[in-house]
Amino acid sequence: MNSQKHLLIIDDDPDFVAGIRSILESANYLVDVAYNPKDGFEALQSKPYDMLLLDIMMGRGAEGVMVARKMRKDPKLRELPVLIITGIREQIAFLFPGGPVHPRFVEVDELVEKPVEPKLLLERVSALLQSAQAKKASPA
Amino acid sequence: MATRPKILIIDDEAVVADSCSEILGDGNHEVAAASDGAQGLRMAQDFHPDLVFVDLKMPGMSGFAVLEKLREIDPTIVAIVITGFATVNSAVDSMKQGAFDFLPKPFTPDELRLITRRGLEKRSLVLETMALRREKETLREHFAAIVSHELKSPLNAVQQNLFALGAELAGRLTDDQRSRLERCSARVNDLMKLIHTWLRVMSTDLDKVRENFVPTAVSTWIAKAVEVVQPEATRKEVDIHTDLQTPLARIQGDEGTLVEALVNILGNAVKYSRVGKAVLVCARQEGDQIVVSVADKGVGIAKEDLPRIFEDFYRGKSGEAPQPGSGLGLAITRRIVEVHDGSISAESELGQGSTFVIRLPALSQAQAETDPLSLPQMGGMR
């Protein structure tokens, strides 16, 4: 239970990543980073992670959404909790007009806006990890 | 017209069609000919001509009818009328049907080449205008998305690192250092808000708001706006009094943007009020207009500033202490009011306060009742 949790960040902005990575590492998480969706998806398939922190607006558009869609089709990755970190809520509304602000890409996901305050980030990460664990412990 | 321009000739006289094809078929144009209106229209759909010559007097479908159908097929096609009875009347009539020009029979090859060149130039202009208009629309629509990414991403990165540094250096910074870090963070935050406001102005097509117009109660509109501003008013110990005439006719409008407009006015009234003073919101009917006024006893606006306060990015220079703001609030407000076919004006005396007046057309009882949107059996969502 107390083993160090392993997180993956997929985000194409190295400076932004530095700003959340240091917060997560100082809270004793083990953090890997992929700076594009392709490397990110390969990393997800190569190693078991406890959680993914996913940027939406990458590359030519909403490439983060493609990562989430591929994850949903993958029986192993479907269970992985995802924290979506995105620029602004309006972007989500723009991508899914009329849809809920919170997209529900995978079983366990949550959305926070960039920039995210350290306290909020750590709360969300730990809450998501817990709810994923609870889901695993008592499969519906 | 990246490829050779396409020209379609619709004329029942084989001699005319043939000679036109010969004159224009010089390798620079792609030419097709039809011998009657119906065939011509069928060809227009597959051939996608840039320019069409139509004989006015043909057996079967008349040239006028062909012109009308052509416009339905593609309004950007340039049509030139060939007419054997070159009276002013038939020329005027065909121009009214959307023809670009007319060519009286008989004509010389040079006359045909000249009018063809002019017609194709017109076609280029039409296509270019359309492309530009489309580009402008797309740009506006995507502006919000592009700018939020390109402009906000660096700011997000800066802010995120300021947050991280603040957390990592907690306990190691002096009070002064911590306060400077916090101020950096606050300034970045202000900048992000400012970008958001600008985007709101530039990317919103207010004309689209008209599509959401429904009969709207003035009292609800005002109550919602007051509710938004109330917390700030309470902080400043400013009382907001409302004085509404009853009954009041409804107005035709979009409640969301109307509230936004009034919040801007009320927000300013509170912002520029002196602590403990009141803001008065009045609504009454004057003839066929609903008049809503917001009066404050604040710092006021200088005479030289008054005519310009509704302009984009204009900020008064003569007020007492400068207040933070984007200089866009009143400009947005004016646009919203104007989309509602209303007007907004301001009066002010420096040091005494300001009064803003919004005038909107009142819905007559009959209009409110005959408006399909106000009928419960049609509305569904009321």
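**Quick word on the overall build of chain A**
Then step 1. The number of helices and strands found in chain A is five helices and five strands.
Then step 2. Of the regular secondary structure in chain A, the N- to C-terminal order runs β-α-β-α-β-α-β-α-β-α.
Then step 3. For chain A, with 140 residues in total, the buried portion stands at 48%.
Then step 4. For chain A, contacts bridging at least 24 residues in sequence account for 73% of all contacts bridging at least 6.
Then step 5. When the accessible area of chain A is evaluated, it comes to approximately 7,200 Å², of which 52% is carbon and sulfur surface.

**Some details on the confidence of the model for chain A**
Then step 1. For chain A, per-residue confidence averages 84 on the pLDDT scale, and 83% of positions sit at 70 or higher.
Then step 2. Low confidence marks residues 92-101 of chain A, where pLDDT is under 50. Its contacts with residues over four positions away, or in another chain, come to 17 contacts.

**Thoughts on the sheet that holds strand 7 (residues 239-244) of chain B**
Residue and element names in this part refer to chain B.
Then step 1. Taken in spatial order, the five strands line up as 7-9-10-12-11 in an open sheet, and their pairing is mixed. Where the open sheet ends on each side, the last strands, each with one partner, are strand 7 and strand 11 (343-349). For this sheet, the mean inter-axis angle between neighbouring strands, taken without regard to orientation, is 15°.
Then step 2. Taken together, the eight bridges between strand 9 (residues 278-286) and strand 10 (residues 289-296) define a ladder with antiparallel strand orientation. Directly across from Arg 284, in strand 10, lies its bridge partner Val 291.

**Topic: helix 1 (residues 14-24) of chain B**
A turn of α-helix holds 3.6 residues, and therefore any two residues three or four places apart point the same way.
All names here are of chain B.
Then step 1. Regarding helix 1, the residues found buried are Val 16, Ala 17, Cys 20, Ile 23 and Leu 24. All buried residues of helix 1 lie within an arc of 135° about the axis, which places them on one face of the element. In helix 1, the exposed residues that point more than 90 degrees away from the buried face are Val 15, Asp 18 and Glu 22.

**Quick look at the packing of helix 8 (residues 255-272) of chain B against helix 9 (residues 329-339) of chain B**
Residues and elements named next belong to chain B.
Then step 1. The contact between helix 8 and helix 9 brings their axes to 9 Å, and the two run at 140°. As for how helix 8 packs across helix 9, the hand of that crossing is left-handed. For the pair helix 8 and helix 9, contact is made by Thr 257, Leu 258, Glu 260, Ala 261, Asn 264, Ile 265 and Asn 268 and by Gly 329, Leu 330, Ile 332, Thr 333 and Ile 336, respectively.
Then step 2. For the contact of helix 8 with helix 9, the residue count by class is six nonpolar, five polar and one charged.

**Describing the interface of chain B and chain A**
Then step 1. Between chain B and chain A, the contact holds 18 residues from the first and 19 residues from the second.
Then step 2. Roughly 1,400 Å² of surface becomes buried between chain B and chain A when both sides are summed, with 63% attributable to carbon and sulfur atoms.
Then step 3. Where chain B touches chain A, the interface holds zero salt bridges.
Then step 4. The interface formed by chain B and chain A includes four residue pairs in polar contact (both at pLDDT 80 or more).
Then step 5. Those elements that place two or more of their residues in the side of chain B that touches chain A are helix 5 (109-168) and helix 6 (175-203) of chain B.
Then step 6. The class makeup of the residues in the side of chain B that touches chain A is six nonpolar, nine polar and three charged.

**Considering the packing of helix 2 (residues 37-46) of chain A against helix 3 (residues 63-73) of chain A**
Residue and element names in this part refer to chain A.
Then step 1. Helix 3 packs onto helix 2 with a crossing angle of 25° between their chain directions and a minimal axis gap of 10 Å. In terms of orientation, helix 2 and helix 3 fall into the roughly parallel class. As helix 2 packs across helix 3, the resulting crossing turns out to be right-handed. Listed contacts from helix 3 to Pro 37, Phe 41 and Leu 44 of helix 2 are Glu 63, Val 67, Lys 70 and Met 71.
Then step 2. Taken together, the residues of the contact of helix 2 with helix 3 break down into five nonpolar, no polar and two charged.

**With respect to the sheet that holds strand 1 (residues 6-10) of chain A**
Residues and elements named next belong to chain A.
Then step 1. Read from one edge to the other, the open sheet built from five strands follows the order 2-1-3-4-5, with strand pairing classed as parallel. Two strands lie at the open edges of the sheet, namely strand 2 (30-34) and strand 5 (109-113), each paired on one side alone. The average angle at which neighbouring strand axes cross in this sheet is 20°, direction not considered.
Then step 2. Most of the contacts of helix 3 go to strand 3 (residues 51-55), to which it runs at about 145°, and overall it touches strand 1, strand 3 and strand 4 (82-86).
Then step 3. Where helix 5 (residues 118-137) meets the sheet, it contacts strand 1, strand 3, strand 4 and strand 5, and its direction lies at approximately 150° from that of strand 4.

**Describing the environment of Leu151(B)**
Residue and element names in this part refer to chain B.
Then step 1. Note that Leu 151 resides in helix 5.
Then step 2. Since its relative accessible area comes to 43%, Leu 151 is described here as partly exposed.
Then step 3. A C-alpha to C-alpha distance of 8.8 Å links Leu 151 and Met 192, two positions 41 residues apart in sequence.

**Some words on helix 2 (residues 37-47) of chain B**
Residue and element names in this part refer to chain B.
Then step 1. Considered for burial, the residues of helix 2 that qualify are Gly 37, Gly 40, Leu 41, Ala 44 and Phe 47. Viewed end-on, helix 2 has its buried residues packed into an arc of 140°, placing them on one side of the element. Along helix 2, the residues that are exposed and aim more than 90 degrees away from the buried face are Arg 42 and Asp 46.
Then step 2. Put simply, Asp 36 is the residue that caps the front of helix 2, since its side-chain oxygen is 3.0 Å from the backbone nitrogen of Ala 38.
Then step 3. A positive phi of about 50° marks His 48, the residue just after helix 2.

**Regarding unusual backbone geometry**
All names here are of chain B.
Then step 1. In this structure, Pro 106 follows Lys 105 across a cis peptide bond, with omega equal to -5°.
Then step 2. Mapping Pro 106 onto the fold places it in the loop between strand 5 (101-104) and helix 5.
Then step 3. Cis geometry marks the peptide bond from Thr 246 to Pro 247, where omega comes out at -10°.
Then step 4. Looking at the element boundaries, Pro 247 is found in the loop between strand 7 and strand 8 (251-253).
Then step 5. The phi angle at His 48 is positive, at roughly 50°, despite the residue not being glycine.

**Quick word on the pattern of salt bridges**
Then step 1. Evaluation of the coordinates by the stated rule reveals 21 salt bridges over all chains.
Then step 2. Across the salt bridge formed by Lys119(A) and Glu123(A), the nearest N and O atoms sit 3.5 Å from each other. Of the two residues, Lys119(A) and Glu123(A) both sit in helix 5, four residues apart, roughly one turn of that helix.
Then step 3. With a closest N to O distance of 3.0 Å, Asp110(B) and Arg113(B) form a salt bridge. Of this pair, Asp110(B) and Arg113(B) are both found in helix 5, three residues apart, which corresponds to roughly one turn of the helix.

Scoring rules and cut-offs
- Residues numbered from 1 in each chain as written.
- Chains lettered and ligands numbered in written order.
- Predicted model: local features only at pLDDT ≥ 70, side-chain atom pairs only at ≥ 80, totals over all residues.
- Heavy atoms only, no water.
- Helix = DSSP H or I, 4+ residues; strand = E, 2+ residues; numbered from the N terminus.
- Buried < 20%, exposed > 50% of the residue type's maximum accessible area, 1.4 Å probe, protein only.
- Contact = heavy atoms within 4.5 Å.
- Areas by Shrake-Rupley, 256 points an atom, 1.4 Å probe, with all protein chains shown as cover.
- pLDDT = per-residue confidence, 0-100.
- Pairing = 2+ DSSP bridges.
- Axes fitted to C-alpha atoms, helices over the stretch in contact; angles between N-to-C directions.
- Arc of directions from axis to C-beta.
- Left-handed = near helix turned anticlockwise from the far one by under 90°.
- Nonpolar A, V, L, I, M, F, W, Y, C, P; charged D, E, K, R; others polar.
- Buried area = accessible area lost by both parts, 1.4 Å probe.
- Salt bridge = Lys/Arg side-chain N within 4 Å of Asp/Glu carboxyl O.
- Polar contact = N/O pair within 3.5 Å; in protein donor to acceptor, adjacent residues only side chain to side chain.
- Parallel < 35°, antiparallel > 145°, perpendicular 65-115°, else oblique.

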